[in-house]
Amino acid sequence: CSRDWSSDVCSSDLDLNVQGEYAAEVRARIESRLSFRVGGKILVRQAEAGQRVQAGQVLAEVDVQDYALAAQAAQAQVIGARSQRDLAAADFKRYEALLAQNFISAAELERRSATLKAAQATLDQALAQAQSQSNQAGYAKLMATSSGVITGVEAEPGQVVSAGQPVVRFAQDGPRDAVFAVPEHVVGRLKLGQKMTATVGNGNQTVQGHVREIGASADPATRTFTVKLGLEKAEALP
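Figured I'd write up the structure that's included with this text. (Residues numbered from 1 in each chain as written. Predicted model: local features only at pLDDT ≥ 70, side-chain atom pairs only at ≥ 80, totals over all residues. Heavy atoms only, no water.)

1. Notes on the pairing of strand β11 (residues 176-182)
Using the following cut-off: When a residue's accessible area, from a 1.4 Å probe over protein chains only, is under 20% of the maximum for its type it is buried; when over 50% it is exposed; and in between it is partly exposed. Going along the chain from the N terminus, every DSSP run of H or I of four or more residues is numbered as a helix, and every run of E of two or more is numbered as a strand. For two strands to be treated as a pair, DSSP must find at least two bridges joining them.
Taking burial as the measure, the seven residues of β11 include six buried ones, the bulk of the element. As defined by bridge partners, strand β2 (residues 21-28) adjoins β11 across five bridges and the pair is classed as antiparallel. Along β11, the bridge assignment pairs Ala-24 with Phe-180. Here six bridges tie β11 to strand β14 (residues 225-231), and the two strands are oriented antiparallel to one another. For Ala-181, the partnering residue across the bridge sits in β14 and is Thr-226.

2. Observations concerning the environment of Asp-219
Applied cut-off: Polar contacts here mean pairs of N or O atoms no more than 3.5 Å apart (in protein, one a potential hydrogen donor and the other a potential acceptor; neighbouring residues in sequence count only if both atoms are side-chain atoms).
Tracing the backbone through its elements, the reader meets Asp-219 in the loop between β13 (205-214) and β14. The exposure class assigned to Asp-219 is partly exposed, which follows from its relative accessible area of 32%. Residues Asp-219 and Gln-75 lie 144 residues apart in sequence; the distance between their C-alpha atoms is 53 Å. Within the structure, Asp-219 has its side chain in polar contact with the backbone nitrogen of Ala-221 (distance 2.8 Å).

3. Regarding the environment of Leu-190
With respect to the helices, strands and loops of the structure, Leu-190 is situated in the loop between α3 (184-187) and β12 (195-200). Its relative accessible area of 5% is what places Leu-190 among the buried residues. Separated by 139 residues in sequence, Leu-190 and Gln-51 place their C-alpha atoms 36 Å apart.

4. A few points about the environment of Ala-218
Threshold: Residue contacts are counted whenever heavy atoms from the two residues lie within 4.5 Å of one another.
Counting through the fold element by element, Ala-218 comes out in the loop between β13 and β14. Residues Ala-218 and Ile-79, spaced 139 residues apart in sequence, show a C-alpha to C-alpha distance of 60 Å. Not counting residues within four places of it along the chain, the set of residues in contact with Ala-218 comprises Arg-223, Thr-224 and Phe-225.

5. Quick notes on the layout of surface pockets
To keep things clear, this is the line we draw: Only protein atoms enter the 1 Å grid, on which a cavity is a set of points fitting a 1.4 Å probe that cannot get out and a pocket is an open set with protein on both sides within 12 Å along at least 5 of 7 lines, lining residues being those with an atom within 4 Å of a point. Grid points are joined across faces, edges and corners, and a volume is the space filled by probe spheres set on the points. Residue polarity follows a fixed list, in which Ala, Val, Leu, Ile, Met, Phe, Trp, Tyr, Cys and Pro are nonpolar, Asp, Glu, Lys and Arg are charged, and the others, Gly among them, are polar.
If you add up the space inside the largest pocket, you get close to 270 Å³. Looking at the largest pocket, it is lined by 16 residues, and the ones nearest its centre are Val-26, Ala-28, Thr-151, Ala-171 and Pro-238. Looking at the lining of the largest pocket, the elements that each hand over two or more residues are β2, β8 (148-153) and β10 (166-172). Top contributing element to the lining of the largest pocket by residue count: β2, with four residues. The class makeup of the residues in the lining of the largest pocket is seven nonpolar, three polar and six charged.

6. What to know about unusual backbone geometry
Located in the positive-phi region is Asn-102, a residue other than glycine, with phi close to 60°. Within the secondary structure, Asn-102 is located in the loop between α1 (65-100) and α2 (106-138). Accessibility expressed as a relative area gives 66% for Asn-102, which makes it exposed. Phi angles above zero are rare outside glycine, and Lys-233 is one such case at about 55°. As for its placement among the helices and strands, Lys-233 is situated in the segment after β14. Classification of Lys-233 as exposed rests on a relative accessible area of 84%.

By themselves, these observations are geometric and do not establish any function.
Structure representation (structure tokens):
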């Protein structure tokens, strides 16, 4: 079994019914394609392939100007709605005092109460809209959700991207898998949880693992099935 770099692994099944070695690759258990939650033009991209990043680190930014203006407009609506609510509340208190002196009818006070409730609802709506617009402005920065390594870049500064369009590929720190492919006559003999041994690099290090995932369908080009071997105590592997 040939190995071209240190992250290659040969996985050898311990089950006597399935003998053989397979060229594998160490991968993070969780690999994600990170994207912006809003669309826009990428101004800067701090992340590069192979770079190690920490949780909360900014990876890229899109133009925030339009979102900032929308947030300002939403705040202005909040100020207007709060003024209308305060005015309605003051009117209600005055009419409440007038009713106590029998100067107005109860129906008139009920109308003022309805006006106050409507003004409060309008204020609540404006506050929610302002919070939403503020969140949109915050989404203009793409940040790492946890510590890990950037494994690929899919967008460049100056490019206009839509919400959800992948910008970087990210491998999270944590558990590792050995990923390899097996032919059709072998995949049927593998079982989830089955123990295997992975030999890393030049053969000086072995890691125990168990079959965590077996591909449900064959690769259309190679007609092989992907198998993921969950490695034990392998967080230090590249």
